[in-house]
Amino acid sequence: MGPLGTCPAFAGIRVLLTGLALLGTILVPIASSAPAPAVAGAPTGFGPGGAPPSTGHPLDLTWSQELVAADQRVVGYPSIQYDRDLDRPAIAFFDLNGSDVWFASRDGSSWRSELVYSANDSGTDPDLAISSGRVTIGHTTVSPTSSSARFAELRGGSWSDAVIRIQAGPGISTATGADGWRYVAFHTGSSGLMLAHE
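Cut-offs and rules
- Residues numbered from 1 in each chain as written.
- Predicted model: local features only at pLDDT ≥ 70, side-chain atom pairs only at ≥ 80, totals over all residues.
- Heavy atoms only, no water.
- Phe/Tyr/Trp six-rings, centres within 6.5 Å; stacked < 30°, edge-to-face > 60°.
- Helix = DSSP H or I, 4+ residues; strand = E, 2+ residues; numbered from the N terminus.
- Buried < 20%, exposed > 50% of the residue type's maximum accessible area, 1.4 Å probe, protein only.
- Pairing = 2+ DSSP bridges.
- Axes fitted to C-alpha atoms, helices over the stretch in contact; angles between N-to-C directions.
- Patch = residues over 30% accessible without salt bridge, like charges linked within 9 Å, V, L, I, M, F, W, Y side chains within 5 Å.
- Areas by Shrake-Rupley, 256 points an atom, 1.4 Å probe, with all protein chains shown as cover.
- Salt bridge = Lys/Arg side-chain N within 4 Å of Asp/Glu carboxyl O.
- pLDDT = per-residue confidence, 0-100.
- Contact = heavy atoms within 4.5 Å.

**Student:** Explain the packing of aromatic side chains to me, please; I cannot follow it from the model alone.
**Tutor:** The relative placement of two aromatic rings is captured by the distance of their centres and the angle of their planes. A full pass over the atoms with the stated rule returns two aromatic pairs. Between the aromatic rings of Tyr77 and Phe94, the centroid separation amounts to 5.8 Å while the plane-to-plane angle is 35°, which identifies the pairing as tilted. In this pair, Tyr77 sits in strand 1 (residues 75-83) while Phe94 sits in strand 2 (residues 88-95), placing the two residues 17 residues apart along the sequence. Taking relative accessible area as the criterion, Tyr77 reaches 43% and is therefore assigned partly exposed. Judged by its relative accessible area of 6%, Phe94 is buried.

**Student:** For this particular structure, what's the right way to read the sheet that holds strand 11 (residues 192-197)?
**Tutor:** Strand pairs in the sheet, formed through backbone hydrogen bonds, run parallel or antiparallel to each other. The three strands are arranged 9-10-11 in an open sheet whose pairing can be described as antiparallel. Two strands in the sheet have a free side with no partner beyond their single neighbour: strand 9 (172-176) and strand 11. Adjacent strand axes in the sheet meet at a mean angle of 20° when their direction is disregarded. Bridge analysis of strand 10 (residues 182-188) against strand 11 gives six bridges, and the strand direction is antiparallel. For Val184, the partnering residue across the bridge sits in strand 11 and is Ala196.

**Student:** I'm lost on a nonpolar patch on the surface in this one. Help?
**Tutor:** A contiguous nonpolar surface patch, about 340 Å² in accessible area, is contributed by Trp181, Tyr183 and Leu195. On the basis of relative accessibility, which here comes to 46%, the residue Trp181 falls in the partly exposed class.

**Student:** How should unusual backbone geometry be read in this particular structure?
**Tutor:** Apart from glycine, the bulk of residues carry a negative phi angle, and the bulk of peptide bonds sit in the trans form. Phi at Asp87 takes a positive value of approximately 55°, unusual for a residue other than glycine. One non-glycine residue, Gln167, lies in the positive phi region at around 60°. Structurally, Gln167 can be placed in the loop between strand 8 (158-166) and strand 9. Note on Gln167: relative accessible area 43%, which makes it partly exposed.

**Student:** Where do I start with the confidence of the model for the protein in this structure?
**Tutor:** Do not read the predicted coordinates in detail wherever pLDDT is low. Per-residue confidence for the protein averages 74 on the pLDDT scale, and 65% of its residues sit at or above 70. Ignoring residues within four places in sequence, the model shows residues 20-45, a span with pLDDT below 50, making 12 contacts including any to other chains.

**Student:** Before we go on, may I ask you to explain the pattern of salt bridges in this structure?
**Tutor:** A side chain of one charge can pair with a side chain of the opposite charge if their charged atoms are brought near each other. Inspection of every chain in the model, using the stated rule, returns six salt bridges. Two residues, Arg134 and Glu198, come together in a salt bridge whose shortest N-O distance is 2.7 Å. Taken together, the positions of Arg134 in strand 6 (residues 134-142) and Glu198 in the segment after strand 11 put the pair 64 residues apart, joining distant regions of the chain. Judged by its relative accessible area of 40%, Glu198 is partly exposed. Among the ionic contacts, a cluster of salt bridges with common partners joins Arg134, Glu153, Arg155 and Glu198.

**Student:** Is there a simple way to explain the pairing of strand 7 (residues 147-155) in this structure?
**Tutor:** A regular strand places its side chains on the two faces of the sheet in alternate fashion. Burial analysis of strand 7 places seven of its nine residues in the buried class, which makes it a mostly covered element. Where strand 6 meets strand 7, seven bridges bridge the pair, whose relative direction is antiparallel. Residue pairing for strand 7: Thr141 is matched across the bridge by Ser148. Across eight bridges, the pairing between strand 7 and strand 8 is antiparallel. By the bridge assignment for strand 8, Arg150 is matched with Val163.

**Student:** How should the environment of Val163 be read in this particular structure?
**Tutor:** Here Val163 lies in strand 8. Expressed as a C-alpha distance, the spacing of Val163 and His139, which sit 24 residues apart in the sequence, is 9.7 Å. Ignoring sequence-local partners within four residues, the contact set of Val163 consists of Ser148, Ala149 and Arg150.

Listed below in structure tokens is the structure:
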């Protein structure tokens, strides 16, 4: 038997391996140049559209700005959520002049505001939640004589409001469970931090 290099069987194997290596150099660039699949749930509609950059926005980014409430109300404690069902942002805020809770939503190219709750010293720290087809606002009322944690919900185009607990606040925060039920955290002067749920 002669050297391996002169063996017909080995020569055939060497030709086969050389062909596979050449095929790999052709297929790898083709696979790497294929477009990346679309990101599921990438935001579109309002705003710039498309997926946000994976590394975050640059620190010197110039933010696009627009006026939400252009009247004489003095806005405080804004709480913003994005309504994915309607593909638009919405904001709950406290009117420092009238001590009221307001809800602002983007309607086409403009904003409209609607009164949620009005009473003396009402609406501090409103916290907006939008999910599972529900629009809700947790807020507190604070006055020298009474205070309470409250819960407002948009139903059939109008707002309803109910008391969660008397003698609570200021300060409230809401969250939504996987089943759509609301959870509310608030402070009481006598009992401490409380958690309530529907």
